[in-house]
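The residues making up each chain are set out below.
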Amino acid sequence: VTLLRQAMKTCIITLVFLLACASCQIADRRTTSDVHVKQDGRHQPEYYGYEQYCPDAEDIAPCVCIQDSVSNAVALDCSSVENEEQLKQIFKADFPFKNFHKFYLLFNNNIKVLEAGVFNGISFEQIDIKYTDLEVVELQALDSSYETATEMRLYENKITSFPFDELSHFSKLRHFDISINSLSVIPVDGFHGLTALEVLDISNNNADIVGTFQDLPNLRDIWLAYNAITNIPAQFIKTGSSHLSYISLKDNNIVSVEPGAFDIVNGLGINMVGNSLSTLDEATWRPNLEAGLPGGHLWAADNPLVCGCDIAWLFGEDQLLEHVEAATCTDGEHLDNLDPSIFDNC
């Protein structure tokens with residue numbers, strides 16, 4: 001019995017020793033973490049480097065930082081910001097992490113000007129400013145995202161001024177949308193050299209489009225509808241992209257399109273609905289329709305087409321008319337319903 005008691009005592013002492021050692025290790029780990037905590041209880045920036053990326057909530061209010069628990073992607077929602085000065089002060093706070101996934105400013109009636117340097121070095125991959133009263137984006141307002149921004153959605157605001165000349169600095173930009181704003185002139189030469197750009201939407205501005213679309217080798221869709229375009233010159237859309245699939249020029253006031261105006265790409269669809277074309281000139285449209293086969297189309301409804309010998313080429317043996325959608329003559333007759341024999345003497 002005595003030996004048994006001594007053995008049990010030895011076991012208990014050993015167990016206590018092991019627990020004490022474990023406690024010491026835990027204490028050591030806590031001490032290691034505690035060095036990352038400030039006197040006011042907040043974590044220092046280096047602590048965030050592997051666990052938490054959002055700044056302290058009170059430092060950035062009314063902006064809200066949202067971190068995805070799986071991907072660790074961090075978004076910053078500043079939709080409730082009250083004025084320009086408050087937004088500027090928020091980005092002077094202690095940001096332990098400088099590279100955010102998204103910035104949101106939605107349904108905000110307070111911010112009229114996005115000022116130069118407002119983000120104070122904080123960068124974003126996606127910038128969503130939508131349904132606001134924003135009027136002016138100043139030069140270098142978005143400069144901290146030159147090398148990170150892949151998507152910029154600025155639609156349905158009241159923007160009258162945007163630094164288009166600055167766009168060439170956005171080396172990774174794939175999607176740019178500044179539709180449904182109040183721009184009077186859009187100098188599209190600013191888009192030259194955006195080699196990553198895939199989708200471009202500058203529609204619904206009622207703006208004059210100045211310049212040409214060049215050197216956009218990955219462009220897929222370009223939306224120019226509801227602007228103030230009247231004449232389309234040669235080389236207007238010569239992006240060099242073999243991926244180009246859709247051009248929308250719907251509801252401008254286009255009266256003429258010069259030959260060589262567009263990229264010649266297989267399967268390209270061009271929407272010219274709701275303009276002022278009186279003819280579909282063969283020199284302009286045949287190259288696009290032929291190259292676009294079998295998937296390419298020209299949408300030409302709601303244009304005052306005269307339907308004389310100028311469109312006889314559409315009724316040839318190659319039946320290119322099959323790729324002209326819903327076009328009508330000035331008397332309302334659909335081109336599909338015209339008797340080809342009326343062009344025999346053309």
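About the cut-offs
- Residues numbered from 1 in each chain as written.
- Predicted model: local features only at pLDDT ≥ 70, side-chain atom pairs only at ≥ 80, totals over all residues.
- Heavy atoms only, no water.
- Helix = DSSP H or I, 4+ residues; strand = E, 2+ residues; numbered from the N terminus.
- Buried < 20%, exposed > 50% of the residue type's maximum accessible area, 1.4 Å probe, protein only.
- Contact = heavy atoms within 4.5 Å.
- Areas by Shrake-Rupley, 256 points an atom, 1.4 Å probe, with all protein chains shown as cover.
- Phe/Tyr/Trp six-rings, centres within 6.5 Å; stacked < 30°, edge-to-face > 60°.
- Disulfide = S-S within 2.5 Å.
- Pairing = 2+ DSSP bridges.
- Polar contact = N/O pair within 3.5 Å; in protein donor to acceptor, adjacent residues only side chain to side chain.
- Salt bridge = Lys/Arg side-chain N within 4 Å of Asp/Glu carboxyl O.
- Core = buried A, V, L, I, M, F, W, Y, C linked by side-chain atoms within 4.5 Å.
- pLDDT = per-residue confidence, 0-100.

### Quick look at the overall build of the protein chain
- Assigned secondary structure in the protein chain consists of five helices and 20 strands.
- Burial status across the protein chain gives 43% buried among its 346 residues.
- In the protein chain, the share of contacts with a sequence separation of at least 24, taken over all contacts with a separation of at least 6, comes to 54%.
- Total accessible area computed for the protein chain in this model is approximately 16900 Å², and 51% of it derives from carbon and sulfur atoms.

### Examining the packing of aromatic side chains
- On inspection of all chains with the given rule, the structure shows 23 aromatic pairs.
- Ring centres of Phe95 and Phe100 lie 5.9 Å apart, and the angle between their planes is 70°; this geometry places the pair in the edge-to-face category.
- The exposure class assigned to Phe95 is buried, which follows from its relative accessible area of 3%.
- Centre to centre, the rings of Tyr146 and Phe170 are 5.2 Å apart; their planes meet at 90°, and the pair counts as edge-to-face. Pair noted here: Tyr146 is in the loop between β6 (136-137) and β7 (151-153) and Phe170 is in the loop between β7 and β8 (175-177), with a separation of 24 residues, a long-range link.

### Thoughts on the state of the cysteines
- Within this structure, the stated rule accounts for four disulfides.
- Residue pairing for Cys63: its cysteine sulfur links by disulfide to Cys78, the two sulfurs lying 2.0 Å apart. A torsion of 115° about the S-S bond marks the disulfide between Cys63 and Cys78 as right-handed. Pair noted here: Cys63 is in the loop between α3 (57-60) and β1 (64-67) and Cys78 is in the loop between β2 (74-77) and α4 (84-90), with a separation of 15 residues, a long-range link.

### Quick notes on the sheet that holds β1
- Taken together, 12 strands build an open sheet; the order of strands is β1-β2-β3-β5-β7-β8-β10-β13-β16-β18-β19-β20 and the sheet is mixed. Looking at strand neighbours, the two that pair on one side only are β1 and β20 (324-325), the edges of this open sheet.

### Here's the deal with the side chain of Thr239
- Note on placement: Thr239 falls in the loop between β15 (237-238) and β16 (246-248).
- On the basis of relative accessibility, which here comes to 3%, the residue Thr239 falls in the buried class.
- One polar contact links the side chain of Thr239 to the main-chain amide nitrogen of Ser241, over a distance of 3.1 Å.
- Those residues within four positions of Thr239 in sequence are excluded, and the remaining contacts are Phe213, Gln214, Asp215, Leu216, Pro217, Leu219, Leu244 and Asp263.

### Description of the environment of Gly274
- Counting through the fold element by element, Gly274 comes out in the loop between β18 (269-271) and α5 (282-292).
- Along the chain, Gly274 and Asn303 lie 29 residues apart, while their C-alpha atoms are 5.8 Å from each other.
- Each residue touching Gly274, except ones within four places of it in the same chain, is listed here: Asp251, Asn252, Ala301, Asp302 and Asn303.

### Topic: the pattern of salt bridges
- For the structure on display, the rule yields 11 salt bridges.
- The closest approach of N and O atoms between Asp133 and Lys112, which form a salt bridge, is 3.5 Å. In this pair, Asp133 sits in the loop between β5 (123-130) and β6 while Lys112 sits in the loop between β3 (99-106) and β4 (113-114), placing the two residues 21 residues apart along the sequence.
- What makes Lys112 partly exposed here is its relative accessible area of 31%.
- The structure contains a network of salt bridges with shared partners spanning Glu282, Arg286, Glu290 and Asp318.

### Examining the pairing of β1
- Where β1 meets β2, four bridges bridge the pair, whose relative direction is antiparallel. Directly across from Gln67, in β2, lies its bridge partner Val74.
- Adjacent in sequence and paired antiparallel, β1 and β2 are bridged by six residues, among which Asn72 carries a positive phi angle near 65°.

### Comments concerning the nonpolar core
- Judged by nonpolar contacts, the single largest core of 91 residues is most densely connected at Phe162, Phe176, Phe191, Phe213 and Leu314.
- If you list the elements that add at least two residues to this core, you get β2, α4, β3, β5 and α5.
- Not counting the four nearest positions on each side in its chain, Leu314 is found in contact with Leu280, Leu289, Gln319, Leu320, Leu321, Val324 and Leu335.

### Some words on the confidence of the model for the protein chain
- Of all residues in the protein chain, 84% attain a pLDDT of 70 or more, and the chain-wide mean is 87.
- Taken as a whole, residues 1-5 scores under 50 in pLDDT and shows zero contacts with residues more than four places along the chain or in a different chain.
- Between residues 12-51, whose pLDDT stays under 50, and residues either more than four places distant or in other chains, the model counts 27 contacts.

### What about unusual backbone geometry?
- Note that the residue after Ala61, namely Pro62, is joined by a cis bond; omega there is 10°.
- If you trace the backbone, Pro62 turns up in the loop between α3 and β1.
- Phi is positive for Gln140, which is not a glycine, with a value near 70°.
- With respect to the element layout, Gln140 can be found in the loop between β6 and β7.
- The residue Gln319 is not glycine, and still its phi comes out positive at about 50°.
- Within the fold, Gln319 resides in the loop between β19 (297-299) and β20.
- The partly exposed category is assigned to Gln319, whose relative accessible area is 36%.

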